[in-house]
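Fold and contact review
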Amino acid sequence: MNAILLAAIGLGAMAAGYLFYSRFIATRIYRLDPDYRTPSHVQQDGVDFIPTNPYVLWGHHFTSVAGAAPIIGPAIAVIWGWVPAFLWVVLGTIFFAGVHDFGAIWASVRHRGQSIGAVTGELVGKRARNLFMVVIFLVLLMVNAVFAVAIGNSFINTPSSVVPAWSAILVALVIGQLIYRRGANLMWTSLGGLVALYIFLYLGPFIPITLPDTVLGLETRAQWIIIMFVYAAIASMLPVWVLLQPRDYINGLQLFVGLGILYLALVVAAPSVVAPAFNPDLPAGTPPIFPLLFVTIACGAISGFHSLVGSGTTSKQIDKETDERLVGYGGSVGEGMLALAAIVATTAGFATLEDWQGVYQNFGAGGITAFVQGGASIVSNGLGFSPEFAATLLAVMAILFAGTTMDTGVRLQRYIIQEWGNIYNIKLLTNGYVATLVAVGSCLALAFGAGGASGAGGMLIWPLFGTTNQLLAGLTLLVVSLILVKLKRSPWFTLVPMVFLLAMTILALLYQLWGFVADANWFLAGLDLLILVAAVLVALEAGSALMKERGKLAELAAGGDD
Amino acid sequence: MAESEQPSRWKRLGALLEEFYHAPYRGAVARMRRDEEDLFMLFVYAEMMGVPNPAGFYTLELQPLLLERFHDWHRRMGMDHSPLEHFRCC
């Protein structure tokens, strides 16, 4: 099958989802009102609450949700063949992610722009709110650990990416200084930043960097993991304007440029999909597709992380309620496009089926490595770049996304730890440095606890990260459904995805728990059990909250939609 | 017609980029500015609260200039009226 056709079908379906399904949700279910006075007007303070251009908000929502995760997930999951990954990404984006992101923003806007955690507290109760915090903390913990491992792997597999990836930090620091200290023109600064980034990308292959085999008994991957956390700890303590803001910005621009390059190269190169539609000879140890597919691809099909973004800053800046459709649903379509690009790169970017099988030798072997290899061959065939440059480009693209997420993730973890310090009156934890150390320490413990002293098995956490992320999405869908039930509107479009997600999550956790216990991997078994407890609690909360509204639900089921 | 539209479009793109850069961090940056300001105010009015300030001689000059900000500051710090006996602003 030609990859262009595959991409066209996927993009066409998502476009149709945006045009028809999101319109249906907007008019019939969420019933957006262009005259509703949004929090950005009612509570306007010129700081957090400020009416903002919908295209700018879409850009933000899209760039902050599209990171390394929608690349890694699909790139691992194509091991089952391209059809399952493709279907889950496309249908997930249309019926799950879009409705979820859109709903999170809508719920928050209708609740004074509060975060989804706070809305949960208001609607479901304090216990659910605390549960929310725990799940968020677990998501952040896992995302930081797994990204550090993924970045370490990329640095080892693509040594030419080391110089450009670290130079990007320098570029961001310079942009931040120019803008805040010199009041530089943003247009020229951005262009200059992008050009500098690409010059470093060009130089990368000439100065490949590899770390020594062992330092103080630590293997190369372990060294990179530690370096990444030292970086993340420092970066998360810096004021946001110094590094995070310009880094986020330049990454956002780079996302648009990178996606453009990938799709353009795809059209010119027109490769064929070499991976099987359904993989008949799965490598030994590959878990069953059902239910693992639905947690291996979290971001790209649906991800609870988006509700944090949507209800954190986005909802406070929505100008008109009708903008939510573009920002929320449109933002997740953007992420679906990135996941689709990852599927195309990892299934059509190899010359033969044997080459493809050579990469997908075991579960979790795909990831960024496969994306870089496959994507690079498409980009170099399509646009005539040297293979080294193309590989560097793709590796750096993924590394920058993962790096920025770590920077933000450690910062958020610190806030949560400080808040716990306040709630439970532990003075020490309210200190920023101590909280950062605890955050980074717990991530390191997870990375090495799961991956061994070399960090080699760190990617084992990936499906666990997916389950936690889906749990968060389930909680958000629960809140949105509850609001709909209270308004006497049909909740099925959010309730059915919620039930499906919670069921898949719990099944996947049980399956993995069994595997961890069989391998006597007690560390991961304990972690799995912890998430399982959280999942069961979420399901119970959902059940009890819905039971309270059973009168209204029965009315709705009988067709009493007002 | 097209020529006169060109610069305005360029400017609009610039404004969009500007918003794209600032919008997500507006709150965080404003809070940080405020914290810095609070520290600065504490320096300027340190001696009045009995905290010895080696730079007191220099900060004294700034006090009348900051009176209005002092009012905002003590309210933000949770005090309805000036905390200083001999320094009333409201």
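For the structure given in this document, a descriptive report is provided here. Here, residues in each chain are numbered from 1, in the same order as that chain's written sequence. Throughout, the order in which chains and ligands are written sets their labels, letters from A for the former and numbers from 1 for the latter. Local features in this predicted model are restricted to residues whose pLDDT is 70 or higher, and side-chain atom pairs enter the listing and the counts only when it is 80 or higher, whereas totals over whole chains, interfaces and linings include all residues. For the side-chain quantities, the full set of heavy atoms in the structure was used; hydrogens and water were omitted.

1. Side note on the overall build of chain B
- In terms of regular secondary structure, chain B is built from four helices and zero strands.
- A run of H or I in DSSP becomes a helix once it reaches four residues, and a run of E becomes a strand once it reaches two; helices and strands are each numbered from the N terminus. Beginning at the N terminus, the succession of helices and strands in chain B can be written as α-α-α-α.
- Three exposure classes are used, based on accessible area relative to the maximum for each residue type with a 1.4 Å probe and protein chains only: buried under 20%, partly exposed in between, and exposed over 50%. Across the 90 residues that make up chain B, the buried fraction comes to 28%.
- What makes two residues a contact is simply this: any of their non-hydrogen atoms within 4.5 Å. At a minimum sequence separation of 6, the contacts of chain B that also span at least 24 residues come to 33%.
- Per-residue and other accessible areas follow the Shrake-Rupley method at a 1.4 Å probe size, with only the shown protein chains counted as cover for residues. Of the roughly 6,600 Å² that chain B leaves accessible, carbon and sulfur atoms contribute 60%.

2. Concerning empty space enclosed by the protein
Residues and elements named next belong to chain A.
- Cavities and pockets are defined on a 1 Å grid built over the protein atoms alone: a cavity is a set of grid points where a 1.4 Å probe fits but cannot escape, while a pocket is an open set with protein on both sides within 12 Å along at least five of seven lines, and lining residues are those with an atom within 4 Å of any such point. Grid points are joined across faces, edges and corners, and a volume is the space filled by probe spheres set on the points. Going through the model one piece at a time under the given rule, you end up with two cavities of 30 Å³ or more.
- Approximately 60 Å³ is the volume found for the largest cavity.
- Where the lining of the largest cavity is concerned, the elements lending two or more residues are helix H8 (162–181), helix H10 (220–237) and helix H17 (387–423).
- The class makeup of the residues in the lining of the largest cavity is eight nonpolar, one polar and one charged.
- Approximately 50 Å³ is the volume attributed to the second largest cavity. Here the nonpolar group is Ala, Val, Leu, Ile, Met, Phe, Trp, Tyr, Cys and Pro; Asp, Glu, Lys and Arg are the charged ones; every other residue, Gly included, is treated as polar.

3. Considering the interface of chain B and chain A
- Each partner contributes residues to the interface: chain B has 21 residues there, and chain A has 29 residues.
- Buried area: the sum, over both parts, of the accessible surface (1.4 Å probe) that disappears when the two are put together. Taken together, the two surfaces of chain B and chain A that pack against each other cover about 2,200 Å², and 71% of this comes from carbon and sulfur.
- By the criterion of area lost to chain A, the three top residues of chain B are Phe20(B), Tyr21(B) and Tyr25(B), representing 36% of everything that side buries.
- The salt bridge definition used is simple: a Lys or Arg side-chain nitrogen within 4 Å of an Asp or Glu carboxyl oxygen. Where chain B meets chain A, there are one salt bridge.
- Residue Asp48(A) pairs with Arg31(B) through a salt bridge whose shortest N-O separation is 3.1 Å.
- Think of a polar contact as two N or O atoms within 3.5 Å of one another; within protein, one of them needs to be a possible hydrogen donor and the other a possible acceptor, and neighboring residues in sequence only count if both atoms come from side chains. Run the count over chain B and chain A and you get six residue pairs in polar contact (both at pLDDT 80 or more).
- A per-element tally of the side of chain B that touches chain A places helix H1 (residues 2–22) of chain B first, with 10 residues.
- Its residues assigned to classes, the side of chain B that touches chain A comprises 13 nonpolar, three polar and five charged.

4. A short note on the packing of aromatic side chains
All names here are of chain A.
- Geometry of aromatic contacts follows a simple scheme: Phe, Tyr and Trp rings, the Trp one being its six-membered ring, pair when their centres are within 6.5 Å, and the pair is stacked under 30 degrees between planes, edge-to-face over 60, tilted otherwise. The full count for this structure, using the stated rule, is 32 aromatic pairs over all chains.
- Here Tyr-511 and Trp-514 contribute two aromatic rings whose centre-to-centre distance is 6.0 Å and whose plane-to-plane angle is 65 degrees, an arrangement assigned as edge-to-face. With Tyr-511 and Trp-514 both in helix H21 (residues 492–518) and three residues apart, the pair spans about one turn of that helix.
- Residue classification places Tyr-511 among the partly exposed positions, given a relative accessible area of 30%.
- Cluster of aromatic residues (ring-pair linked, three or more members): Trp-88, Phe-96, Phe-290, Phe-294 and Phe-500.

5. Section: unusual backbone geometry
All names here are of chain A.
- With an omega dihedral of 15 degrees, the bond running from Phe-290 to Pro-291 counts as a cis peptide bond.
- Within the secondary structure, Pro-291 is located in helix H12 (residues 289–296).
- Here Arg-31, not a glycine, exhibits a phi torsion of approximately 45 degrees, which is positive.
- Residue placement: Arg-31 occurs in the loop between helix H1 (3–29) and helix H2 (39–42).
- Phi at Ala-520 takes a positive value of approximately 55 degrees, unusual for a residue other than glycine.
- Along the chain, Ala-520 turns up in the loop between H21 and helix H22 (522–548).

6. What about helix H3 (residues 54–65) of chain A?
Residue and element names in this part refer to chain A.
- In this model, H3 (12 residues) spans 16 Å end to end at C-alpha, consistent with the 16 Å of a helix rising 1.5 Å per residue.
- Of all 12 residues that make up H3, nine are buried, and the element is covered over most of its length.
- If you check which residues of H3 are buried, you get Pro-54, Val-56, Leu-57, Gly-59, His-60, His-61, Phe-62, Thr-63 and Val-65.
- Looking at where H3 begins, the residue whose side-chain oxygen comes 2.7 Å from the main-chain nitrogen of Tyr-55 is Asn-53. For a helix, the expected span equals 1.5 Å multiplied by the number of residues minus one.

7. Quick notes on the nonpolar core
Residues and elements named next belong to chain A.
- For the purposes of this section, nonpolar cores are sets of buried Ala, Val, Leu, Ile, Met, Phe, Trp, Tyr and Cys residues that join through side-chain atoms within 4.5 Å. In terms of nonpolar packing, the biggest core is built from 193 residues, with Tyr-30, Ile-72, Met-142, Phe-147 and Leu-464 touching the most fellow members.
- For this core, the element with the highest residue contribution is helix H7 (residues 126–157), accounting for 20 residues.
- When residues no more than four places from it in sequence are discounted, the contact partners of Leu-464 are Met-142, Leu-509, Gln-512, Phe-516, Leu-524, Leu-527, Asp-528 and Ile-531.

8. Overview of the packing of H3(A) against helix H13 (residues 305–317) of chain A
Residue and element names in this part refer to chain A.
- Working convention: axes come from line fits to C-alpha atoms, limited for helices to the stretch in contact. Angles between N-to-C directions cover 0 to 180 degrees. Packing of H3 against H13 brings their axes to within 10 Å, and their N-to-C directions diverge by 160 degrees. The pairing of H3 with H13 is recorded here as roughly antiparallel in orientation. The two elements H3 and H13 meet at a crossing, and its hand is right-handed. Facing H3, whose interface residues are Leu-57, His-61, Ser-64 and Val-65, H13 presents His-306, Val-309, Gly-310, Thr-314 and Gln-317. Here the word oblique covers every angle except those under 35 degrees (roughly parallel), over 145 (roughly antiparallel) and from 65 to 115 (roughly perpendicular). If you view the pair so one helix is near and one far, a crossing is left-handed when the near helix is turned anticlockwise from the far one by less than a right angle, and right-handed when it is turned clockwise.

Read these as spatial facts, not as claims about activity.
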